[in-house]
Amino acid sequence: MAPFGRIEMTTDVDISDQLTNINNQIFLSEAPQTIVFNTSIPKSIITQVQMMYQDSNTSWKEVIVDFDPEVANARFSIDTEGKRNPSGYRFMVNYRINTSSIYTLKPNTLLSFEYFLINKLGEADTASINLTLPEGFKPLNSLGWRVQDERFVYSSQISKTSGSFYTIFNTDNDYSDSLESLKKEIANLRQDNSRLSETIIELQKSVESYKTENQTLSSEVESLNNRLLKAEEERKTSERISNNFWQFSWGLTILLPILLLFFAELRTKSVITSTQLLISSVVGTFVVFLILYILFIT
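Residues numbered from 1 in each chain as written. Predicted model: local features only at pLDDT ≥ 70, side-chain atom pairs only at ≥ 80, totals over all residues. Heavy atoms only, no water.

Enquirer: Honestly, the sheet that holds strand S8 (residues 111-116) in this entry has me stumped. Any pointers?
Expert: Backbone hydrogen bonds hold the strands of a sheet together, and the pairing may be parallel or antiparallel. Across the sheet, which stays open at both edges, the 3 strands sit in the order S8-S13-S10 with antiparallel pairing between neighbours. Looking along the sheet, the strands with just one partner apiece sit at the ends: S8 and strand S10 (138-139). (Pairing = 2+ DSSP bridges. Helix = DSSP H or I, 4+ residues; strand = E, 2+ residues; numbered from the N terminus.)

Enquirer: For this particular structure, what's the right way to read the pairing of strand S3 (residues 34-42)?
Expert: Looking along a regular strand, one sees side chains alternate from face to face of the sheet. Because side chains alternate across S3, one face comprises the buried residues Ile-35, Phe-37, Thr-39 and Ile-41, and the other comprises Thr-34, Val-36, Asn-38, Ser-40 and Pro-42, none of which is buried. Direction of pairing for S3 relative to strand S6 (residues 73-79): antiparallel, over a ladder of 6 bridges. If you follow Phe-37 over to S6, its bridge partner there is Phe-76. (Buried < 20%, exposed > 50% of the residue type's maximum accessible area, 1.4 Å probe, protein only.)

Enquirer: When you look at a negative patch on the surface in this model, what are you seeing that I'm missing?
Expert: Among the surface-exposed residues, Asp-17, Glu-135, Asp-149 and Glu-150 lie close enough to one another that they form a single negatively charged patch. One can find Glu-135 in the loop between strand S9 (126-132) and S10. (Patch = residues over 30% accessible without salt bridge, like charges linked within 9 Å, V, L, I, M, F, W, Y side chains within 5 Å. Areas by Shrake-Rupley, 256 points an atom, 1.4 Å probe, with all protein chains shown as cover. Salt bridge = Lys/Arg side-chain N within 4 Å of Asp/Glu carboxyl O. Lys, Arg positive; Asp, Glu negative; His and termini not counted. Charge placed at Lys NZ, Arg CZ, Asp CG, Glu CD.)

Enquirer: What is the right way to look at the sheet that holds strand S11 (residues 146-148) in this model?
Expert: Strand order in the open sheet formed by 8 strands is S5-S4-S7-S2-S1-S9-S12-S11, and the pairing between neighbours is mixed. The sheet terminates laterally at strand S5 (60-63) and S11, the two strands that pair on one side only. Within this sheet the neighbouring strands show an average axis-to-axis angle of 20°, counted without direction. Two elements, strand S4 (residues 46-54) and S5, share 4 bridges in a ladder whose sense is antiparallel. Counterpart to Met-51 in the pairing with S5 is Val-63. (Axes fitted to C-alpha atoms, helices over the stretch in contact; angles between N-to-C directions.)

Enquirer: Help me out: how do you make sense of the nonpolar core in this one?
Expert: The nonpolar side chains of a soluble globular protein tend to be buried, and buried together. Within the largest apolar cluster, 41 residues are counted, with the highest numbers of intra-cluster contacts made by Phe-37, Met-51, Phe-91 and Phe-113. The element that contributes the greatest number of residues to this core is strand S7 (residues 89-98), accounting for 5 residues. With residues up to four places along the chain from it excluded, the contact list for Phe-113 reads Val-13, Ile-15, Tyr-103, Ile-129, Leu-131, Phe-165, Tyr-166, Thr-167 and Phe-169. (Core = buried A, V, L, I, M, F, W, Y, C linked by side-chain atoms within 4.5 Å. Contact = heavy atoms within 4.5 Å.)

Enquirer: Looking at this structure, I do not really get a nonpolar patch on the surface. What am I missing?
Expert: On the surface, Ile-279, Val-283, Phe-286, Val-287, Leu-290, Ile-291 and Ile-294 cluster together into a nonpolar patch covering about 640 Å² of accessible area. Structurally, Val-287 can be placed in helix H2 (residues 274-297).

Enquirer: In this structure, what is going on with the environment of Ser-280? I would like to understand it.
Expert: Its place among the elements puts Ser-280 in helix H2. Given a relative accessible area of 22%, Ser-280 falls into the partly exposed group. With 20 residues separating them in the primary sequence, Ser-280 and Leu-260 have C-alpha atoms 8.9 Å apart.

Enquirer: How should the side chain of Lys-83 be read in this particular structure?
Expert: Inspection of the secondary structure puts Lys-83 in the loop between S6 and S7. In this structure the side chain of Lys-83 is engaged in a polar contact, spanning 2.7 Å, whose partner is the backbone oxygen of Asp-79. In this view, Lys-83 contacts Tyr-53, Gln-54, Val-63 and Tyr-89; residues no more than four positions away in its chain are not counted. (Polar contact = N/O pair within 3.5 Å; in protein donor to acceptor, adjacent residues only side chain to side chain.)

Enquirer: What exactly am I supposed to notice about the pattern of salt bridges here?
Expert: A pair can form between side chains of opposite charge whenever their charged atoms are brought close. Evaluation of the coordinates by the stated rule reveals 9 salt bridges. The closest approach of N and O atoms between Arg-84 and Glu-30, which form a salt bridge, is 3.7 Å. Placement of Arg-84 in the loop between S6 and S7 and of Glu-30 in the loop between strand S2 (19-28) and S3 is noted, with a sequence separation of 54 residues between them. Look at Glu-30 and you get partly exposed, because its relative accessible area is 40%. The shortest N-O distance in the salt bridge between Asp-55 and Lys-61 comes to 3.4 Å. Under the relative-accessibility criterion, Asp-55 is labelled buried at 6%. Here the salt bridges do not stand alone but share partners, grouping Glu-232, Arg-235 and Glu-239 into one network.

Now the structure itself:
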């Protein structure tokens, strides 16, 4: 609630097995045109809210409450026009909550309750809280508590410097079981954490081993690729040599008989002698062989 003028506030919190009721009675000496009531209570756990004001005849009248849809917590605003009583403005706001949405009421389970003011208190402002625990539940520290109808009740003033109230409660006076259980749970968590750390270390070692193995495999794959490339080059070279030798062979097969026939024809026509025929055949064969070798083999 935004502060304005002098504030007097009394909050009664009743925690039962089924329902938790938070009832706020608020007095303002002055008020602006619009007052915003803001809480830290999630809207999703509130089952009912009731807003009332005291009119000029000191009669209580109810106001319809519409929560602000922009926020998750309970927040709403009201127009103060026509809502002043002879001494100022007096409001009553009640929130009803299913206790199961806040607490799991089981034996020997430590529970806590915290109440704090969102708005600031001035020097002349006052605020108090009255807390009633569920039946059978006792505060961890009973100092200042009183028993009323077999239930523990506590009243406390909330000042400008201390704007909050906190308490722990349980179903049993002896909290040793709860504390020992908590210690055991912490020890188990530590053991689980230790085992988890060992598992993480083993996984890290496995990852390092996989990295090393992967690097080895990568090197082997790279070497294999190089060998495949080299084999492909050798295959192409061999294929080229084979084609060239085939062409060389066919060249000799075709050109040599033609050359020899040409020289024989020259000998028949007595253009050259037998000795010249022999020399021409040897020299011609060598020249043809050399030309084809240069063309196809080298």
